[in-house]
Amino acid sequence: MDGHTLRETIGHVRSKDFDEKYGKRKFTEVRRFENFTTQLPSNKRPKRTDGSEYRDNTSNLCSKLLHVLFVITAVSIMFMCCVRLCVAILRWKTQLCNMALYLDTGKLNASLHSRVFGQHIALGSVVFTLASYMSDPHDAKPLVLSFHGWTGSGKNHVSGIVAEFLDSAYVHKFIVPLHFPHEIDNEIYKSQVQEWVKSNISSCEINMFIFDEMDKAFDGVIEGLKMLLENLNQSLQSNTKVLIVLLSNTKGHEINSYMYHALRTGRHRESISHEELLPVLVSNSLVGSIWYEDLYNSGLIHRLVPFLPLEKNHVMSCINDDLVSRGIHPEARFVERVVEQMYFFPDHNPVFSKTGCKRVSSKIDISM
């Protein structure tokens, strides 16, 4: 072996011994250094010169953008779901409201004609007016009907049948002599009648208010009622229906007189029309103004409904109907015996019942 080869061999051996001796230590120190640098804050770490820092920043930016896009997408989906849910709830509430505001005037008409006798004008007026009012979804005013006629002619009976077709929770009845008895409390009644009605109006429902014996009402009740109707004409919502029925004996004598003379001339009862009797209802009274004059002239009463006096055949129909409702088969002899206990007028030609069908039930009790 020559000198050059010997030197290379010795150098190679030395290098191998050095690596075996110090290589593991060098590797361990490098790993310690790298672990140390990763634990340093980002602003104190040794800067990389191989471009990896730029790649890390780009990767972080992309991650943030993807996160933002995910959040925006999630919020958008949630917003659209909320909108669809709100629309569905609104449609559901509208359907429920439409169902609550539905009145089957066909069945109401059939029920009235099968249970009320001798009142072709009243039944036609009530059904027609109610059907027009309920079929107009944009009518945001209360409907006011004023029933006029002799005692026992069926005013309370008709209003009661109408109430049967509504939810009883939204039907309210005031008897004037009972709820508004003292004239000295006129000012109190003026505000009371407004508060009582307004506080009992429910949205999305048919609300019915019956005022009985309005001919006995003091000025405070009439004024309060006028103020109430004027206010409701401006504030009532189209999804709420309010029916106000005013009952009184006012013009009962005039209606009876007109009917008596019409029958004496040979006219049929059913030939008399509402338009024919309307002048009788709006004519001035001989003893002063009538209680509903201002309400009617102001357009707050939509229809004056006349109830005709009942004749003997109508009273007999009432007796038959009462017996059937008790589960008793009506016999002609028994019906005649009950009719004989009733009083009719005028004395020289008794054709009209003094109490209509009002006392039929009690007379049946006595006769049984």
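Residues numbered from 1 in each chain as written. Predicted model: local features only at pLDDT ≥ 70, side-chain atom pairs only at ≥ 80, totals over all residues. Heavy atoms only, no water.

Peer 1: What is the right way to read the packing of helix α13 (residues 332-339) against helix α14 (residues 360-367) from this model?
Peer 2: When two helices pack together, their arrangement is given by the angle between their axes and by how far apart the axes lie. Close contact between α13 and α14 brings their axes to 9 Å; oriented N to C, the two are set at 115°. Handedness of the crossing formed by α13 with α14: right-handed. Listed contacts from α14 to Phe334, Arg337 and Val338 of α13 are Lys363, Ile364 and Ser367. Classifying every residue of the contact of α13 with α14 gives three nonpolar, one polar and two charged. (Axes fitted to C-alpha atoms, helices over the stretch in contact; angles between N-to-C directions. Helix = DSSP H or I, 4+ residues; strand = E, 2+ residues; numbered from the N terminus. Left-handed = near helix turned anticlockwise from the far one by under 90°. Contact = heavy atoms within 4.5 Å. Nonpolar A, V, L, I, M, F, W, Y, C, P; charged D, E, K, R; others polar.)

Peer 1: Where do I start with the sheet that holds strand β3 (residues 206-212) in this structure?
Peer 2: Strand pairing in a sheet takes place through backbone hydrogen bonds and is either antiparallel or parallel in direction. Here we have five strands laid out as an open sheet, ordered β2-β3-β4-β1-β5, and parallel in their pairing. Two strands lie at the open edges of the sheet, namely β2 (171-175) and β5 (303-307), each paired on one side alone. The average angle at which neighbouring strand axes cross in this sheet is 20°, direction not considered. (Pairing = 2+ DSSP bridges.)

Peer 1: I would appreciate a short explanation of helix α8 (residues 219-235) in the present structure.
Peer 2: Each full turn of the α-helix corresponds to 3.6 residues, which orients residues three or four apart in the same direction. Over its 17 residues, α8 extends 24 Å from the first C-alpha to the last, a length consistent with the 24 Å expected when each residue adds 1.5 Å. Along α8, the positions that sit buried rather than exposed are Gly220, Val221, Ile222, Gly224, Leu225, Leu228, Leu229 and Leu232. Where the residues of α8 are buried, they touch β1 (143-149), α7 (186-199), β3, β4 (241-248) and α11 (293-297). (Expected span 1.5 Å × (residues − 1). Buried < 20%, exposed > 50% of the residue type's maximum accessible area, 1.4 Å probe, protein only.)

Peer 1: What exactly am I supposed to notice about the state of the cysteines here?
Peer 2: Applying the stated criterion across every chain, the model contains one disulfide. Between Cys318 and Cys357 runs a disulfide, and the two sulfur atoms are separated by 2.0 Å. Taking the torsion about the S-S bond as the criterion, the Cys318 to Cys357 disulfide, at about 85°, is right-handed. Placement of Cys318 in helix α12 (residues 312-325) and of Cys357 in the loop between β7 (352-353) and α14 is noted, with a sequence separation of 39 residues between them. Note on accessibility: Cys318 and Cys357 belong to one class, buried. (Disulfide = S-S within 2.5 Å.)

Peer 1: Would you explain a nonpolar patch on the surface in this entry?
Peer 2: Together, Phe70, Val71 and Val75 give the surface a local cluster of nonpolar side chains, amounting to about 290 Å² of exposed area. Structurally, the position occupied by Val71 is in helix α2 (residues 52-100). Overall, Val71 belongs to the partly exposed group, its relative accessible area being 35%. (Patch = residues over 30% accessible without salt bridge, like charges linked within 9 Å, V, L, I, M, F, W, Y side chains within 5 Å. Areas by Shrake-Rupley, 256 points an atom, 1.4 Å probe, with all protein chains shown as cover. Salt bridge = Lys/Arg side-chain N within 4 Å of Asp/Glu carboxyl O.)

Peer 1: Looking at this model, I keep getting lost on the pattern of salt bridges. Mind explaining?
Peer 2: Pairs can form between side chains of opposite charge once their charged atoms are near each other. Applying the stated rule across the entire model yields 11 salt bridges. Notably, a salt bridge pairs Lys190 with Glu223, separated by 3.0 Å at the nearest N-O pair. Residue Lys190 is found in helix α7, and its partner Glu223 is found in helix α8; the two are separated by 33 residues along the sequence. With relative accessibility at 39%, the residue Glu223 sits in the partly exposed group. For Lys226, the salt bridge goes to Asp294, with nearest N and O atoms at 2.9 Å. Of the two residues, Lys226 sits in helix α8 while Asp294 sits in helix α11, which places them 68 residues apart along the sequence. For Asp294, a relative accessible area of 42% corresponds to the partly exposed category. Linked by salt bridges that have partners in common, Glu187, Lys190 and Glu223 make up one network.

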